[in-house]
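The chain contents come next:
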Number of protein chains: 2
Amino acid sequence: MQRYFIQQTSVPQDYQLEPEVFKHAIRVLRLKVGDHFELTDQQQQVAEMELVEINASQARAKRLKTTRPQVELPIAVTIACGLSKNAKPEIIVQKATELGAARIVFFNSAYSIAQWQAGKVPKKLQRLQKIAQAAAEQSHRTQIPTIDFYPQLAAVPFADYNVKLVAYEEAAKQGEKQTLYQVAQKLQQLIELGSNNLLAVFGPEGGISAAEIDFLQQQGCQPAGLGPRILRAETAPWYLLSVLSFVLELG
Amino acid sequence: MQRYFIQQTSVPQDYQLEPEVFKHAIRVLRLKVGDHFELTDQQQQVAEMELVEINASQARAKRLKTTRPQVELPIAVTIACGLSKNAKPEIIVQKATELGAARIVFFNSAYSIAQWQAGKVPKKLQRLQKIAQAAAEQSHRTQIPTIDFYPQLAAVPFADYNVKLVAYEEAAKQGEKQTLYQVAQKLQQLIELGSNNLLAVFGPEGGISAAEIDFLQQQGCQPAGLGPRILRAETAPWYLLSVLSFVLELG
């Protein structure tokens, strides 16, 4: 069933479709009176709605029932990616949203080929935020990840995080295969002890420089291998999120 | 370092670049005498090579050393995907290769919007096989996954597999979260008992029909949830492969 996020904290019994919802549900999907859709409010509640009236520029729906599904990872995961080129930030955002990231940030990295000019950042973030919203609706999440950009790695707010990782190919090459496993095994326990967030840093296409690794380690990020194959810049965060879902949500 | 697959079972001490390798290494990358690259032979051996002579249409390299890196999943995983539209099969193949799949097959599924006409299948498979080879080279695998197509689900050779799963959204919705966890936990043991392959079936964009699920269960495929969020057709196999890597290769 089609689902939309709305800005309100709860859905009224008798709901008049806001312009964005009207446009998509009535104009694009051509829903009819009697058809159902869902609305997710700002309290992560999901209301099932039935269309009762449609006219040229407005439509009304009645609320049938409200639920609060548990579909968010039990720990808020921030994915910080060195800026990659072309449409890669878009596909990173789309898939990391499906896979449960709470926050997705990009930074200008030593080996980044792409660089975002300050003037263009707001428009780029706005576009990525829209992609995140669409992916959150499609994957039936109840939260939309926030998207942000830092002109340099040092601007990432490391102190806000209890558990910090950096995906490091060189570590994997040297046979590092303990870190992610240990962190994953300990996460349940860490969550109970009050850790409610995790930061994972990923390089751009060219990888992460030795100086950046040094800096990240000083900030408390543990270098972690993600298996013996070399993953592309966009694939590595999806691997991590899939593993966290498996460890924290299945079993 | 750039890596290429070659058809030979081993790399000679004095190697004349075959046309495909010559074209990419010399024409595209513009490697010079003294530059290094790697060749993977049909026995999963990787030879480090140094260019010693380049002329207009030929080049020679000498073999420096040969290794046999362990970069393949300890179980051969086949990903069987309902045919999805546009470029989705290409991105499924590229990422599933990076993530370690041994074999990637597509089938015409009840809810597939795309259908491949018999006459076009060989060309499409050839293209996907090329994508698999490029991704295997880039991710430094020592095997290229094989790509195949079945006109219908029933043609998939289920009897060849010991462990069989089908990713099922409806199962996930009903809170199914044991199957993948249990299979993953047991895989090590199953491998020791001689199970050396696993088949995982995924629907196309529209999902998998109830009749297909019935048929798959008769073939021994266990319906498995992949967490509480709805994953797109292409994301679900990447989730599974990431989890298998974590369980079988890390720790």
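Going by an unreviewed UniProt entry, chain A carries the name Ribosomal RNA small subunit methyltransferase E and comes from Liquorilactobacillus ghanensis DSM 18630. Per UniProt, chain A carries the Sequence similarities (unreviewed entry) text "Belongs to the RNA methyltransferase RsmE family." The record held by UniProt for chain A lists under Subcellular location (unreviewed entry) the comment "Cytoplasm".

**Q** Just checking my understanding: could you explain the pairing of strand β8 (residues 146-150) of chain B for this structure?
**A** Across a regular strand the side chains alternate sides, sitting on one face of the sheet and then on the other. When strand β7 (residues 103-107) of chain B meets β8(B), the two strands line up parallel, connected through 5 bridges. Each bridged residue has a counterpart across the sheet, and for B:Ile104 the counterpart in β8(B) is B:Ile147.

**Q** Looking at this structure, how should I read the relation of the copies chain A and chain B?
**A** Between the two chain copies there is a screw-like relation: a rotation about an axis and a shift along it. Take chain A, turn it by 180 degrees, move it 0.0 Å along the axis, and it overlays chain B with an RMSD of 0.1 Å. A rotation of that kind, with that shift, is consistent with a two-fold axis. Every residue of chain A has its C-alpha some distance from the rotation axis, and the shortest such distance is that of A:Val243, at 2.7 Å. A shared interface surface links the copies, since 100% of the contact residues of chain A are contact residues in chain B too.

**Q** What am I meant to see in the pattern of salt bridges here?
**A** Pairing is possible between side chains of opposite charge, provided their charged atoms come close. Here the structure, examined in full by the defined rule, presents 24 salt bridges over all chains. With a shortest N-O distance of 2.9 Å, A:Arg60 and A:Glu53 are connected by a salt bridge. Residue classification places A:Glu53 among the partly exposed residues on the basis of a relative accessible area of 36%. The shortest N-O distance in the salt bridge between A:Lys95 and B:Glu234 comes to 2.5 Å. Taken together, the residues A:Lys95 in helix α2 (residues 88-98) and B:Glu234 in the loop between β11 (222-224) and α7 (235-249) connect one chain to another. Taking the relative accessible area as the measure of exposure, A:Lys95 reaches 1% and is therefore buried. Accessibility expressed as a relative area gives 4% for B:Glu234, which makes it buried. Taken together, the shared-partner salt bridges in this structure form one network comprising A:Lys88, A:Arg232, A:Glu234, B:Lys95 and B:Glu98.

Rules behind the numbers
Residues numbered from 1 in each chain as written. Chains lettered and ligands numbered in written order. Predicted model: local features only at pLDDT ≥ 70, side-chain atom pairs only at ≥ 80, totals over all residues. Heavy atoms only, no water. UniProt positions renumbered as here; feature names shortened; annotations may be inferred. Pairing = 2+ DSSP bridges. Helix = DSSP H or I, 4+ residues; strand = E, 2+ residues; numbered from the N terminus. Least-squares fit on C-alpha atoms with pLDDT ≥ 70 in both. Contact = heavy atoms within 4.5 Å. Salt bridge = Lys/Arg side-chain N within 4 Å of Asp/Glu carboxyl O. Buried < 20%, exposed > 50% of the residue type's maximum accessible area, 1.4 Å probe, protein only.

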